[in-house]
Amino acid sequence: MTDAVLATSYGGPEVLEVRDVEVPAPRNGQVTIDVRAAGVNPYDYKVYSGMLGSDESRLPMPLGSEVSGVVTAVGADATGPAGLVEVGDEVIGFPVSGGYAGSITVPATSVIPKPGALSFEQAAGLCATGVTAYHLLEATGVGLGDTVLVHGVSGGVGLTTAQLAIERGAKVIGTAATQRHDTLRDHGIIAVEYGDGLADRVRALAPDGVDVALDTVGTDEAVDTSLALVHDHDRIATIAAFGRAEQAGIKLLGNGPGADPGSDIRSRARLVLTALVERGLLRVVVARTFPLAEASAAHELVAEGHAGGKVVLVP
Ligand SMILES: NC(=O)c1ccc[n+]([C@@H]2O[C@H](COP(=O)([O-])OP(=O)(O)OC[C@H]3O[C@@H](n4cnc5c(N)ncnc54)[C@H](OP(=O)(O)O)[C@@H]3O)[C@@H](O)[C@H]2O)c1
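Being a predicted model, the structure only gives us computed values, none of them experimental. (Residues numbered from 1 in each chain as written. Predicted model: local features only at pLDDT ≥ 70, side-chain atom pairs only at ≥ 80, totals over all residues. Heavy atoms only, no water.)

Participant: Run through the site of the ligand, naming residues and quoting values.
Facilitator: Close to the ligand lie 20 residues; Lys 46, Ser 154, Gly 156, Tyr 194 and His 306 are nearest. At 3.4 Å from an oxygen atom of the ligand is found a side-chain nitrogen or oxygen belonging to Arg 180. Here a nitrogen atom of the ligand and a backbone polar atom of Ile 239 are 3.0 Å apart. Notes on the ligand: free accessible area 940 Å², of which the protein chains cover 81%. Every element with two or more residues in the shell around the ligand is listed here: helix H1 (42-49) and helix H4 (156-167). Each residue belonging to the shell around the ligand can be placed in one class, and the counts come to eight nonpolar, nine polar and three charged. (Near = heavy atom within 4 Å. Polar contact = N/O pair within 3.5 Å; in protein donor to acceptor, adjacent residues only side chain to side chain. Areas by Shrake-Rupley, 256 points an atom, 1.4 Å probe, with all protein chains shown as cover. Helix = DSSP H or I, 4+ residues; strand = E, 2+ residues; numbered from the N terminus. Nonpolar A, V, L, I, M, F, W, Y, C, P; charged D, E, K, R; others polar.)

Participant: Which residues make up the pattern of salt bridges, and what values go with them?
Facilitator: In total, this model carries nine salt bridges according to the counting rule given. With its nearest N and O atoms 3.8 Å apart, the salt bridge here joins Lys 114 to Glu 90. Here Lys 114, found in the loop between strand S10 (111-113) and helix H2 (120-123), pairs with Glu 90, found in strand S8 (residues 90-93); they are 24 residues apart in sequence, far enough to count as distant. Exposure remark for Lys 114: the relative accessible area of 12% places this residue in the buried category. Among the residues examined, Glu 90 registers a relative accessible area of 41% and is labelled partly exposed. A salt bridge links Arg 235 to Asp 146; its shortest N-O distance comes to 2.8 Å. Taken as a pair, Arg 235 in the loop between helix H7 (220-229) and strand S15 (236-238) and Asp 146 in the loop between helix H3 (127-140) and strand S11 (147-151) lie far apart in primary sequence, 89 residues in all. (Salt bridge = Lys/Arg side-chain N within 4 Å of Asp/Glu carboxyl O. Buried < 20%, exposed > 50% of the residue type's maximum accessible area, 1.4 Å probe, protein only.)

Participant: Give me the lowdown on the nonpolar core, citing residues and values where you can.
Facilitator: Counting 40 residues, the largest nonpolar core has Leu 126 and Leu 164 as its most contacted members. For this core, the elements supplying multiple residues, two or more each, are H3, S11, H4, strand S14 (212-215) and helix H9 (263-278). The element best represented in this core is H3, accounting for eight residues. When sequence neighbours within four positions are dropped, the list of residues in contact with Leu 164 reads Gly 130, Ala 133, Tyr 134, Leu 137, Leu 273, Leu 276 and Leu 282. (Core = buried A, V, L, I, M, F, W, Y, C linked by side-chain atoms within 4.5 Å. Contact = heavy atoms within 4.5 Å.)

Participant: Which residues make up helix H10 (residues 295-304), and what values go with them?
Facilitator: Count 3.6 residues to each turn of an α-helix, and residues three or four apart come out pointing the same way. Of all the residues in H10, the buried ones are Ala 295, Ala 298, His 299, Leu 301 and Val 302. The buried residues of H10 occupy an angular sector of 160° when projected down its axis, which confines them to one face. Contact partners of the buried residues in H10: strand S1 (2-7), strand S2 (16-21), strand S3 (30-40), H1, strand S17 (286-291) and strand S18 (310-314). Positive phi appears at Gly 305, one or two residues downstream of H10, with a value of about 85°. (Arc of directions from axis to C-beta.)

Participant: Got a sec to walk through the sheet that holds S2? Specific residues and values, please.
Facilitator: Read from one edge to the other, the open sheet built from three strands follows the order S2-S1-S4, with strand pairing classed as antiparallel. Edge positions in the sheet fall to S2 and strand S4 (61-62), since each of these pairs with one other strand and no more. Relative to S4, S1 is paired through two bridges, and the arrangement is antiparallel. Paired with Leu 6 across the strands is Pro 62, a residue of S4. (Pairing = 2+ DSSP bridges.)

Participant: Hey, could you go over the sheet that holds strand S12 (residues 171-175) for me, with residue numbers and the actual values?
Facilitator: Within a sheet, adjacent strands bond to each other through the backbone by hydrogen bonds, running parallel or antiparallel. Read from one edge of the open sheet, six strands run S13-S12-S11-S14-S15-S16, paired in parallel fashion. Of all strands in the sheet, those bounded by a partner on one side alone are strand S13 (190-192) and strand S16 (251-252). In this sheet, S12 lies alongside S11 in parallel orientation, the contact comprising five bridges. Along S12, the bridge assignment pairs Leu 149 with Ile 173. Contacts from H3 reach S14, S15 and S16, with the element oriented near 150° to S14. (Axes fitted to C-alpha atoms, helices over the stretch in contact; angles between N-to-C directions.)

Participant: Can you explain the layout of surface pockets? Please cite residues and give values.
Facilitator: Of the volumes computed, that of the second largest pocket is approximately 220 Å³. In terms of lining, the second largest pocket is formed by 20 residues, of which the most central are Ser 154, Leu 159, Val 285, Gly 308 and Gly 309. Looking at the lining of the second largest pocket, the elements with two or more residues in it are H4 and helix H5 (181-186). Here the element with the most residues in the lining of the second largest pocket is H4; it accounts for four residues. Of the residues that constitute the lining of the second largest pocket, the class distribution is five nonpolar, twelve polar and three charged. (1 Å grid on protein atoms, 1.4 Å probe; cavity = no way out; pocket = protein on both sides within 12 Å on 5 of 7 lines; lining within 4 Å. Points joined across faces, edges and corners; volume = space filled by probe spheres on them.)

Laid out in structure tokens, this is it:
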């Protein structure tokens, strides 16, 4: 048995409870992970908020799609994307179901080696944002010499997107609250305040134009600024503007109506991300950690949308 955070009904973070749940022994192709950290993502609170439906049969609902930890048991043929998984391996599990737990049994296909350069807390925040960032760049063909506008560059997806784009040789201009600009400059990002007049401020920073716009925020301002600045609308992608993308004629990525899930790209991205981390080309910024029992407080912070990095639960 282990502690796990479950959504006991649809609603706000107050519906989260820690309960004792069974950890099944791993069967063929499965491994059990002693979870050292679990990444928190906006989807984790959206899924029980009611905004994505309210199917009562899903309750109580396990939460959490990414963890880091140590393998404690393996079934037969426990082979992951990087090879055989063994007891004692330090790993990342992504994608998983029910990661907000002390221990979890998952398919070995979701298990990759944890980069030694990352703490368990950082490792738990690498993949969900990282594969999304990688998908954004692949979908818009970001490469050497591009000028890329990233909306929400101080967020989990935004900061990874910017680092991957810079690694490809692009110039990155990113929107963020003013108090984040110094830190963003340390990453090589040209930071700009969002809000009225955004398009003009970006034009001033990019006199030769903006080639690509990547939206992780989903506001009308982000979509309209992207449309105004980027000539080729095939090079505008959003992961958040589900209500606008089709009518605006821009790419919509992720899981949801009309969106490109990019399953193969995202699956492949995991080992690309860990390789970049090992080479010192990608950093994971953890804004705050919470004990598992304080998952509600963690969700309140993430729902505000200004955490300033990854939020992580520690069992
Ligand atoms: N479709 C997909 O595949 C997919 C995958 C992952 C995430 N998502 C979605 O993408 C969004 C971002 O996820 P995340 O994990 O990066 O979230 P996050 O870490 O909470 O980042 C939120 C970002 O939004 C910025 N922001 C907040 N309010 C803003 C406003 N009014 N105008 C402009 N920027 C604003 C924040 O900037 P400051 O803090 O500087 O104010 C921050 O950079 C979420 O909606 C999430 O559900 C979609």
